[in-house]
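Chain by chain, the residues:
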Amino acid sequence: MSTQTKITALIGFGTVGQGFYHYLTANNEDKKLATVVIKNASKSRIPDTLNFTTDVSEVYQNKEINTVVELISDDKEAFNIVKKALQQGKSVVSANKKMIAHHLEELVELEKQFGGKFLYEGAVAGSIPIIKIINEHYAFDEITEIRGILNGTSNYILTQLFDKEIGYDEALQQAQEAGFAEAEPSADVEGYDALYKSLILTAHAFGKFILPEKALHIGINNLKKSDLAFAKANHLKIKLVASIKNHNHKLTLSVLPTFVDENDNLFHVKNEYNAIEVVSNNIGSQFYKGKGAGKLPTGHVVFTDYKSLKEAKYTYRNIASGKRIKYEPNQNIWVYSDKITLLEKYLEEVVLINGSQGYGRLKIAYLIKAKELINIHHVSIIALSLADFADLRRNYLRKSAKSARK
Ligand code: HSE
């Protein structure tokens, strides 16, 4: 038995918890592990020699523990744990994007007040160290746009639907079996997960804490076979794209299924891979791609956070410099829908293709308002760039003229 002080508590021993433990043992750090808190004591665990407990209060009572690695899926429970640990001055590593997106501002305050560190690279984009990149690589440049694929499960499903033509349910089941999907996969396919990650990136890149309730997220769950066929016929793919833009200190944000063409880097991102394009004033556009989920890819960034607790300190830009950016959901976007006419009262402009199918231009804020209507009627919504819209419209007009001539 080692005489080294056991200073670390691991809370949660699921996919990412086991990934983190893999790196602990591979780097001889497991001797520091005081306890592993689990929910279900009757489940068999490998290795079964660890000090497992179901009582999280042991972590607070043990004053020797100065580091908590929180990797559970329940966001409310996770918040209680992280809050209490930070209030005790302990340092915390977490990967709970839902919890962080809802409470980041408060947790950053606790970090300042009690002196523990709070790091969470594993919460966004799996293996891509995007928070570090934003904080460090872009420290002396101004980011104007972040755009990307942030949910591995949705991208996995879309890849199977487009490339392998297997069904939605089967693809989702495969993602669950592979351990990418959330315990409640609606968080993935309804766009919540990508939204939480976008909000965390927004805090780092733009210094703005926006609550999930205030932002637009539409997932892939209402997409129909006919939408896929439409995309294919026009040489497009559909990706779940998160987009955050700062234009003249006005910030717009959305998570939407989006048509992408083959000139777009996101077109080529497959399976559980995530990808992020960062655009900044001086560097221009840079593209980062990597596995967005999974035991070892995510476990790796959690372990990297754990190892860098002493020296790392997150920054939230613009807050520090006092430069305020206004969140502005009034921007207009073009969307395609199988039932665009249902959104009639929100539309500023509409182009019908066939029956209720067509394109509409509307404000992001109106799409947030229309969420319930969209879900009740399973309305597919797919965003498109102005260029894609122009191309699609041109193709459509050409086809209509041809059939009129026949
Ligand atoms: N369910 C998440 C995803 C896991 O599919 O991206 C990684 O955050």
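Residues numbered from 1 in each chain as written. Predicted model: local features only at pLDDT ≥ 70, side-chain atom pairs only at ≥ 80, totals over all residues. Heavy atoms only, no water.

Bringing the domain arrangement of the chain into the picture now. Domain boundaries in the chain define domain 1 (8-119), domain 2 (130-292) and domain 3 (332-405). The centre of domain 1, based on its C-alpha atoms, is set 28 Å off from the matching centre of domain 2. Taken together, the 10 residues of domain 1 in the interface contact 14 residues of domain 2. Of the roughly 950 Å² buried between domain 1 and domain 2 on both sides combined, carbon and sulfur atoms contribute 72%. (Domains from an automatic or database assignment. Contact = heavy atoms within 4.5 Å. Buried area = accessible area lost by both parts, 1.4 Å probe.)

Let us now look at the packing of aromatic side chains. One pass over the structure, following the stated rule, counts 16 aromatic pairs. Here the aromatic residues Phe20, Tyr23, Phe303 and Tyr306 are joined through ring pairs into a cluster of three or more. Directly above the aromatic system of Phe52 lies the positively charged group of Arg45, at a separation of 5.9 Å from the ring centroid. Taking NZ or CZ as reference, Lys289 lies 5.7 Å from the ring centre of Tyr273, over its face. (Phe/Tyr/Trp six-rings, centres within 6.5 Å; stacked < 30°, edge-to-face > 60°. Lys NZ or Arg CZ within 6 Å of the ring centre and 35° of its normal.)

Attention now goes to the site of the ligand. Near the ligand the following residues occur: Lys97, Asn151, Gly152, Thr153, Phe180, Ala181, Glu182, Asp188, Asp193, Lys197, Gly292 and Ala293. In this structure, a nitrogen atom belonging to the ligand sits 2.6 Å away from a side-chain N or O atom of Glu182. Side-chain polar atom of Lys197 to an oxygen atom of the ligand: 2.9 Å apart, as the coordinates give it. When the ligand is considered free in solution it has 250 Å² of accessible area, and contact with the protein chains removes 92% of it. (Near = heavy atom within 4 Å. Polar contact = N/O pair within 3.5 Å; in protein donor to acceptor, adjacent residues only side chain to side chain. Areas by Shrake-Rupley, 256 points an atom, 1.4 Å probe, with all protein chains shown as cover.)

Okay, the nonpolar core next. Tyr120, Ile130, Phe259 and Tyr359 are the most contacted members of the largest nonpolar core, which has 106 residues in total. Take this core: its biggest share by element is nine residues, from helix 9 (residues 192-206). Not counting residues up to four positions away in its chain, the partners in contact with Tyr120 are Ser94, Ile100, Leu104, Ile131, Ile200, His204, Asp305, Tyr314 and Tyr316. Listed in part, the 17 residues of the second largest apolar core include Leu256, Ile333, Leu347 and Ile374. (Core = buried A, V, L, I, M, F, W, Y, C linked by side-chain atoms within 4.5 Å. Buried < 20%, exposed > 50% of the residue type's maximum accessible area, 1.4 Å probe, protein only. Helix = DSSP H or I, 4+ residues; strand = E, 2+ residues; numbered from the N terminus.)

Turning our attention to the packing of helix 1 (residues 15-26) against helix 11 (residues 295-307). Closest axis-to-axis distance for the helix 1/helix 11 pair is 7 Å, and the angle between their directions is 60°. As far as their axial angle goes, helix 11 and helix 1 are oblique. For the element pair helix 1 and helix 11, the recorded crossing hand is right-handed. For the pair helix 1 and helix 11, contact is made by Thr15, Val16, Gln18, Gly19, Phe20, His22, Tyr23 and Leu24 and by Lys295, Leu296, Thr298, Gly299, His300, Val302, Phe303 and Tyr306, respectively. Looking at the contact of helix 1 with helix 11 residue by residue, the class counts come to eight nonpolar, seven polar and one charged. (Axes fitted to C-alpha atoms, helices over the stretch in contact; angles between N-to-C directions. Parallel < 35°, antiparallel > 145°, perpendicular 65-115°, else oblique. Left-handed = near helix turned anticlockwise from the far one by under 90°. Nonpolar A, V, L, I, M, F, W, Y, C, P; charged D, E, K, R; others polar.)

To continue, consider the side chain of Ser91. Of note, Ser91 is situated in strand 5 (residues 91-94). Leaving out residues up to four positions away in the same chain, Ser91 has contacts with Asn66, Thr67, Val68, Gly116, Lys117 and Leu309.

The tally for this structure, following the rule as stated, stands at 19 salt bridges. The residue Lys112 makes a salt bridge to Glu109 at a minimum N-O spacing of 3.2 Å. Taken together, the positions of Lys112 and Glu109, both in helix 4 (residues 97-114) and three residues apart, correspond to about one turn of that helix. In this structure Lys112 comes out as exposed when scored by relative accessible area, which is 60%. A relative accessible area of 42% places Glu109 in the partly exposed class. Between Lys237 and Asp163 there is a salt bridge, with the nearest N and O atoms lying 3.8 Å from each other. Pair noted here: Lys237 is in strand 9 (residues 237-247) and Asp163 is in helix 6 (residues 152-164), with a separation of 74 residues, a long-range link. Three or more residues are tied together by salt bridges with common partners; here these are Lys97, Glu182, Asp193 and Lys197. (Salt bridge = Lys/Arg side-chain N within 4 Å of Asp/Glu carboxyl O.)

The interhelical angle for the contact between helix 4 and helix 9, taken along N-to-C directions, is 45°, at an axis separation of 9 Å. One element, helix 4, and the other, helix 9, form an angle in the oblique class. Considering the relative orientation of helix 4 and helix 9, their crossing is left-handed. The residues of helix 9 that touch helix 4, namely those facing Lys97, Lys98, Ile100, Ala101, His102 and Leu104, are Asp193, Tyr196, Lys197, Leu199, Ile200 and Ala203.

Taken together, Arg398, Lys399, Lys402 and Arg405 make up a surface patch of like positive charges. Tracing the backbone through its elements, the reader meets Arg405 in helix 14 (residues 386-405). (Patch = residues over 30% accessible without salt bridge, like charges linked within 9 Å, V, L, I, M, F, W, Y side chains within 5 Å. Lys, Arg positive; Asp, Glu negative; His and termini not counted. Charge placed at Lys NZ, Arg CZ, Asp CG, Glu CD.)

Let's shift gears to the pairing of strand 11 (residues 273-280). Burial runs high along strand 11: six of the eight residues are buried. Strand direction decides the pairing type here: strand 7 (residues 143-149) and strand 11, joined by six bridges, are antiparallel. Following the sheet pairing, Ile146 is matched in strand 11 by Val278. Of the strand pairs in this sheet, strand 11 and strand 12 (residues 284-291) are connected by eight bridges, and their pairing is antiparallel. Looking at strand 12, one finds that Glu277 is bridged to Phe287. What sits between the antiparallel neighbours strand 11 and strand 12 is a turn of three residues. (Pairing = 2+ DSSP bridges.)

Strands sit in the order 3-2-1-4-5-6 across an open sheet of six strands; the sheet is parallel. A strand with exactly one partner marks an edge of an open sheet, and here the two such strands are strand 3 (52-53) and strand 6 (118-119). The strands touched by helix 3 (residues 75-87) are strand 1 (8-11), strand 4 (67-70), strand 5 and strand 6; relative to strand 4, the strand with the most contacts, the crossing angle is about 165°.

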